[in-house]
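# Per-entry structural report
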Amino acid sequence: MRIQSEFIRGFSALAELGPAISVFGSARVATDDPAYQVGVDVGRALVEEGFAVVTGGGPGAMEAANKGAREAGGVSVGLGIELPFETGLNPYVTTGMNFRYFFVRKTVFVKYTQGAVVLPGGVGTLDEMFEALTLVQTQKVNHYPIVLVGADFWEPLRGWMRETLLSRGMIAAADVERLRIVDGADEALAFIREAHAAALEADPEDVAKVRAQQLNDQEATS
Ligand SMILES: C/C(=C\CNc1ncnc2c1ncn2[C@@H]1O[C@H](COP(=O)(O)O)[C@@H](O)[C@H]1O)CO
């Protein structure tokens, strides 16, 4: 029951959200780390393109993306998580909620966004990135671009995926290509823009359908 109500709360909280992009990334990046500024730039660029920004609402790269989004005057969402060492939502979140369950939160991330920008991070970031990739690989989610920012950080991972996973037949070549690696906010945004336009062209009613589904969810829960 607790799990069910958390799904309902999550769906209700974001039911009115328009086009949005998830931003995943390390909770531990300091504000003076160059990676923090990349997060700020990503948040700002997404808002200027018309997207809401959805992060884990915590510190580090999440805070950076929320900061960029908020300073650009956009919708800055934080899907926080209750942890033994509570950090709370960062001050740049304009729409927030806290989850008890990681798996509910991950569902909300993918359900209410049209793609993901992944900044360098640790196991939490990898978990979120591979969750999204699994859903795309299995076609549970379509037209969901995943862009990894920071070639020096991400290329070794993609190399391992090619040299170990692909060469042993555990993934397909297309799966490796599903992860686009770029440097900087401008390149990330260019990919998201291109992928979003392609999604709309492939299915012009896509955004309208997502919106209608969100409104249905809201009605079902109210
Ligand atoms: C460890 C620290 C803070 C933890 N607080 C978090 N708050 C919100 N979301 C979090 C937190 N920690 C992890 N996440 C989620 O995972 C990703 C980051 O994990 P990583 O292991 O740091 O890469 C992130 O996208 C969040 O969704 C420090 O004080």
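Each value, and the rule that gives it
Residues numbered from 1 in each chain as written. Predicted model: local features only at pLDDT ≥ 70, side-chain atom pairs only at ≥ 80, totals over all residues. Heavy atoms only, no water. UniProt positions renumbered as here; feature names shortened; annotations may be inferred. Near = heavy atom within 4 Å. Polar contact = N/O pair within 3.5 Å; in protein donor to acceptor, adjacent residues only side chain to side chain. Areas by Shrake-Rupley, 256 points an atom, 1.4 Å probe, with all protein chains shown as cover. Helix = DSSP H or I, 4+ residues; strand = E, 2+ residues; numbered from the N terminus. Nonpolar A, V, L, I, M, F, W, Y, C, P; charged D, E, K, R; others polar. Buried < 20%, exposed > 50% of the residue type's maximum accessible area, 1.4 Å probe, protein only. Contact = heavy atoms within 4.5 Å. Salt bridge = Lys/Arg side-chain N within 4 Å of Asp/Glu carboxyl O. Phe/Tyr/Trp six-rings, centres within 6.5 Å; stacked < 30°, edge-to-face > 60°. Expected span 1.5 Å × (residues − 1). Arc of directions from axis to C-beta.

Per an unreviewed UniProt entry, the protein chain is named Cytokinin riboside 5'-monophosphate phosphoribohydrolase, and its organism is Dermacoccus abyssi. Its UniProt record gives the protein chain the following Sequence similarities (unreviewed entry) comment, quoted word for word: "Belongs to the LOG family."

So, on to the site of the ligand. Taken together, 20 residues form the shell around the ligand, and within it A27, R105, G122, T125 and E128 come nearest. Contacts to the ligand include A27, whose backbone N or O atom sits 2.9 Å from an oxygen atom. Between the ligand and T125 there is a distance of 2.6 Å, counted from an oxygen atom to a side-chain nitrogen or oxygen. Here the ligand loses 85% of its free accessible area of 600 Å² to cover by the protein chains. Of the residues forming the shell around the ligand, the biggest block, four residues, is contributed by helix 5 (residues 123-137). Looking at side-chain class alone, the shell around the ligand contains eight nonpolar, nine polar and three charged residues.

A few words on the environment of P19. Of note, P19 is situated in the loop between helix 1 (2-14) and strand 1 (20-24). Here P19 falls in the partly exposed class, since its relative accessible area comes to 31%. Spatially, the C-alpha atoms of P19 and G124 are 24 Å apart, while their sequence positions differ by 105 residues. Look past the residues within four positions of P19 in its chain and what remains in contact with it is G50, F51, A52 and Q114.

Okay, the pattern of salt bridges next. This structure, assessed with the given rule, holds twelve salt bridges. The salt bridge involving E71 is made with K67; its shortest N-O contact spans 3.2 Å. On the criterion of helical spacing, the pair formed by E71 and K67 is a turn pair, its members being four residues apart in helix 3 (residues 61-71). A residue is classified by how much of its surface remains accessible, and E71, at 48% relative accessible area, is partly exposed. With its nearest N and O atoms 3.0 Å apart, the salt bridge here joins D175 to R178.

Quick look at the packing of aromatic side chains now. For the coordinates displayed, the defined rule picks out six aromatic pairs. For the pair F7 and F11, a centre-to-centre distance of 5.9 Å together with 50° between the ring planes defines the contact as tilted. You can see F7 and its partner F11 sitting in helix 1, four residues apart, about one turn around the helix. Assessed through its relative accessible area of 16%, F11 is described here as buried. Judged by centre distance (5.9 Å) and plane angle (55°), the rings of F11 and Y112 are tilted. One end of the pair, F11, is in helix 1; the other, Y112, is in the loop between helix 4 (102-111) and strand 5 (116-118), and 101 residues separate them in sequence. For the residue pair F11 and Y112, the accessibility class agrees, reading buried in each case.

Compared with an ideal rise of 1.5 Å per residue, which puts 15 residues at 21 Å, helix 5 spans 20 Å between its outermost C-alpha atoms and is within 8% of the ideal. Listed in full, the buried residues belonging to helix 5 are T125, E128, M129, A132, L133 and V136. All buried residues of helix 5 fall inside an arc of 130° around its axis, so they share one side. Just downstream of helix 5, Q139 is the residue with a positive phi angle, here 60°.

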